[in-house]
Every structure is written in C-alpha cells, then in structure tokens.
Amino acid sequence: VDGSAYHFESPDGEVSIETDGDLVWAVRFDDRKQMVGGAFWRVEIALVSAKPPAIGLRLYQVRRSDDAPPPVSGVPKVLASIASEVGLSDYGIPLVPTALRLRGVSGADALFRMLLNSNRVHPVIVVATGRGVVPEPSVDRLAERLVGAAHVVVIDDTIADRLISQFGRERAVFGGAVRLYRPGFSADADPLLQRLWTYSGSQFSPYLANDISEEVCAISLEAGDLEQRVPSFVAVRTQIGQSRLKVLRRQAEKVASTAEEERTRQVAIQRSLEVELEQVRAWALELEHRNEAVEKEVRTLKSERDD
C-alpha cells in the first residue's frame, strides 16, 4: 500500500488501512464472525517507524445488543505472532508469549531489576511454585494471553525467600500464590495495590486467569493521555488526511490562472473536499460507536439503580 487509504470487506469482517507510505501505518480490523451473538471485535494497530519503532494496539468489543456475551479480557493473538517473529520490548525488558522461569540467586537479581525498573510501563505477574509444583501449562497460556500487556514470571522458593527479605512479607509472593507488581513499584510501594491471588493444584482456574487478565487490561488504560500513548485509528486517519490536504493545497496554489490550469485547480479542490467529507463520515461513525457504549452504560446503571 502506497501513501493512501485501503478498505476491504468480506462476510467475516472488514479491514481498513491508512498510511503515509513512509513513517505511519494504521490498521483497523472488524471481526464480525460473532455478530450473531450481538457483538463483534475490533482491533486497531498503529505502527510508527521511529528509532526505535513503536507499536500501539487497541481492542474493543462493539456491542449491538444487551444480550451480547460479555467480553473476555486479553490481547489479540496477532500480538503473540509479532512478539515471536519481530520482537517487542518494554524499555529493555523483552515482551514474550511464554512465561519467564527464574531460579536461584541470579534469578532473584534479574527479577529485582525488572520490578524496580522505573521506566517499565507493564505490570509483572510473579507466580511462586507451590511445594515445587508449577501450574503448567497455565502460566504459558496466561503469558500468551497477555503478551504485550504484562510480563509473566515463575520463581522458585529461593527467590520467594529473597523477595520477603528485600521487600517484606506484605509485598512478597509465597508458594502457591500469584502477585501483580504494578509499574512504578518500589520497596515502599503500597502493598494493597500489588494484588495477590492464591491457587491450588497444577493449573489456574478459569476464574483466576480471567481475574488476573481483567486487572492487567485495566492497568493498560491508566495512561495519562491514552490518545497520545496509543493513537486510535480515527486519530491516525485524521492526521494523515490533514497531511494529504496540505499537499493538495500547495499543489493547487502553484497552479496558474490559465483555463486548463484553473480546471486542474478546481479538481484538486474537489478532491480536497472529498477527503474532508470522508473524514467527517469516519468521525461520525466513531461517535456513533462511542454513543452506543455510553447508552449501554446508562442502561446498566439504571438497571443497577432499580435493583
């Protein structure tokens, strides 16, 4: 795709691409295979070819009815492929679709560096083995489900003991437990904000995995300016459209006043207006989706109030 827009529709969904052909790429995919359930998934990916390159991803569930199934928190599977084949990093900490196994003193040092990294923007989920039993393959399924949104680490008893001595029992994680360490964690961080779960047996229950995923995905929305950190598809489309308009206007301004050149200028102006109209339509559609979400929330609040 050169510096232009692209759109494709099929019974299973639709794909839209916006790019300037150089630095910015944005893709929006609507997975409509589940429309029979009253909702569909929308994935938006923005890629900036900077140094280093940056990628942002948004996942929505667009609900068309109150009877639509509730969403299950997680990240799109495409991110696991990107992490495996291209590689992702959280300020020097690799983001991988499998759990990181750490053992012994060297493993404890590596974990402490990760937890105390002040630039880290994703939470660290630390799983302590219960009596030597690792919840396999639950930890790897959780890591793949949350790749790009969290780090999943499995530790042994040696590291668990060093966590207690380093940060205190109220901030540590013991055998048969899972703790989530938020970005910005320090030795005096509020322990109540570093959520703790317990598990039994050799695997996580669906409830536990879902609850951890809900917490991680909620943290991913806590950015001060979400639109700046992860621009939406509409924001990228608008920015690229404005750049195209500037080029068209410069081209139109250079046209002389002869009859043929005047006609060319009018064509350029018409195209400029068509681009602006397309942006307005896209923004109207985005507002429609937001309005539907707000209306659903109002209905939910009214229902809770009535109950």
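Read on for a plain summary of the structure. (Residues numbered from 1 in each chain as written. Predicted model: local features only at pLDDT ≥ 70, side-chain atom pairs only at ≥ 80, totals over all residues. Heavy atoms only, no water.)

1. Quick look at the sheet that holds strand β10 (residues 151-155)
Alright, step 1. The five strands lie next to each other as β8-β10-β9-β11-β12, forming an open sheet whose pairing is mixed. Every interior strand has two partners, whereas the edge strands, β8 (100-101) and β12 (196-198), have only one.
Alright, step 2. With five bridges joining them, strand β9 (residues 124-128) and β10 adopt parallel strand pairing. From the neighbouring strand, I125 faces β10, where its bridge partner is V152.
Alright, step 3. The strands that helix α3 (residues 138-145) touches are β8, β9 and β10; relative to β10, the one it contacts most, it runs at about 160°. (Pairing = 2+ DSSP bridges. Helix = DSSP H or I, 4+ residues; strand = E, 2+ residues; numbered from the N terminus. Contact = heavy atoms within 4.5 Å. Axes fitted to C-alpha atoms, helices over the stretch in contact; angles between N-to-C directions.)

2. Quick look at the packing of helix α2 (residues 104-115) against helix α4 (residues 157-167)
The description of two packed helices rests on the angle between their axes and on the distance between the axes.
Alright, step 1. Close contact between α2 and α4 brings their axes to 9 Å; oriented N to C, the two are set at 50°. In terms of orientation, α2 and α4 fall into the oblique class. Seen from above, α2 lies across α4 with right-handed handedness. When α2 is examined against α4, the residues G104, V105, G107, A108, D109, L111, F112 and L115 are found in contact with a partner set consisting of T158, I159, R162, L163, Q166 and F167.
Alright, step 2. Of the residues contributing to the contact of α2 with α4, the split by class is eight nonpolar, four polar and two charged. (Parallel < 35°, antiparallel > 145°, perpendicular 65-115°, else oblique. Left-handed = near helix turned anticlockwise from the far one by under 90°. Nonpolar A, V, L, I, M, F, W, Y, C, P; charged D, E, K, R; others polar.)

3. Looking at the sheet that holds strand β2 (residues 13-19)
Alright, step 1. The strand order across the open sheet formed by five strands is β1-β2-β3-β4-β5, and the pairing between neighbours is antiparallel. Edge strands, defined here as strands with exactly one partner in the open sheet, are β1 (5-10) and β5 (54-63). Strand-to-strand twist across the sheet, computed as the mean angle between neighbouring axes with direction ignored, equals 10°.
Alright, step 2. Both β2 and strand β3 (residues 24-31) contribute to a ladder of seven bridges, which runs antiparallel. Residue pairing across strands places V15 opposite F29, the latter belonging to β3.
Alright, step 3. Strand contacts of helix α7 (residues 233-253): β1, β2, β3 and β4 (39-48), with the helix running at about 45° to β2, the strand carrying the most contacts.

4. With respect to the environment of R182
Alright, step 1. Inspection of the secondary structure puts R182 in the loop between β11 (177-181) and β12.
Alright, step 2. Along the backbone, R182 and D31 are 151 residues apart, and their C-alpha atoms lie at a distance of 31 Å.

5. Side note on the side chain of R28
Alright, step 1. Mapping R28 onto the fold places it in strand β3.
Alright, step 2. Residue class for R28 comes out buried when judged on its relative accessible area of 10%.
Alright, step 3. Setting aside anything within four residues of it in sequence, one finds R28 in contact with E14, V15, S16, R42, V43, E44, F233, V234, R237 and E286. (Buried < 20%, exposed > 50% of the residue type's maximum accessible area, 1.4 Å probe, protein only.)

6. Re unusual backbone geometry
Alright, step 1. In the segment running from E136 into P137, the intervening peptide bond is cis, with an omega of -5°.
Alright, step 2. Within the secondary structure, P137 sits in the loop between β9 and α3.
Alright, step 3. Despite not being glycine, Y91 shows a phi value in the positive range, around 50°.
Alright, step 4. Counting through the fold element by element, Y91 comes out in the loop between β6 (88-90) and β7 (93-95).
Alright, step 5. On the accessibility criterion, Y91 (55% relative accessible area) is exposed.

7. Looking at the side chain of S213
Alright, step 1. Relative to the assigned elements, S213 resides in helix α5 (residues 206-219).
Alright, step 2. In this structure S213 comes out as buried when scored by relative accessible area, which is 0%.
Alright, step 3. With residues near it in sequence (within four places) discarded, S213 still touches S73, L142, R145 and L146.

8. Some points on the pattern of salt bridges
Alright, step 1. With the rule as written, the count across this model stands at eleven salt bridges.
Alright, step 2. Here R42 and D30 are joined by a salt bridge, their closest N and O atoms 2.7 Å apart. With a gap of twelve residues between them, R42 in strand β4 and D30 in strand β3 connect regions that are remote in the sequence.
Alright, step 3. The class of D30 is buried, set by a relative accessible area of 2%.
Alright, step 4. For R171, the salt bridge is made with E170, and the minimal N-O distance between the two is 3.0 Å.
Alright, step 5. For R171, a relative accessible area of 12% translates into the label buried.
Alright, step 6. Connected through shared salt-bridge partners, R101, E136 and D140 make up one network. (Salt bridge = Lys/Arg side-chain N within 4 Å of Asp/Glu carboxyl O.)

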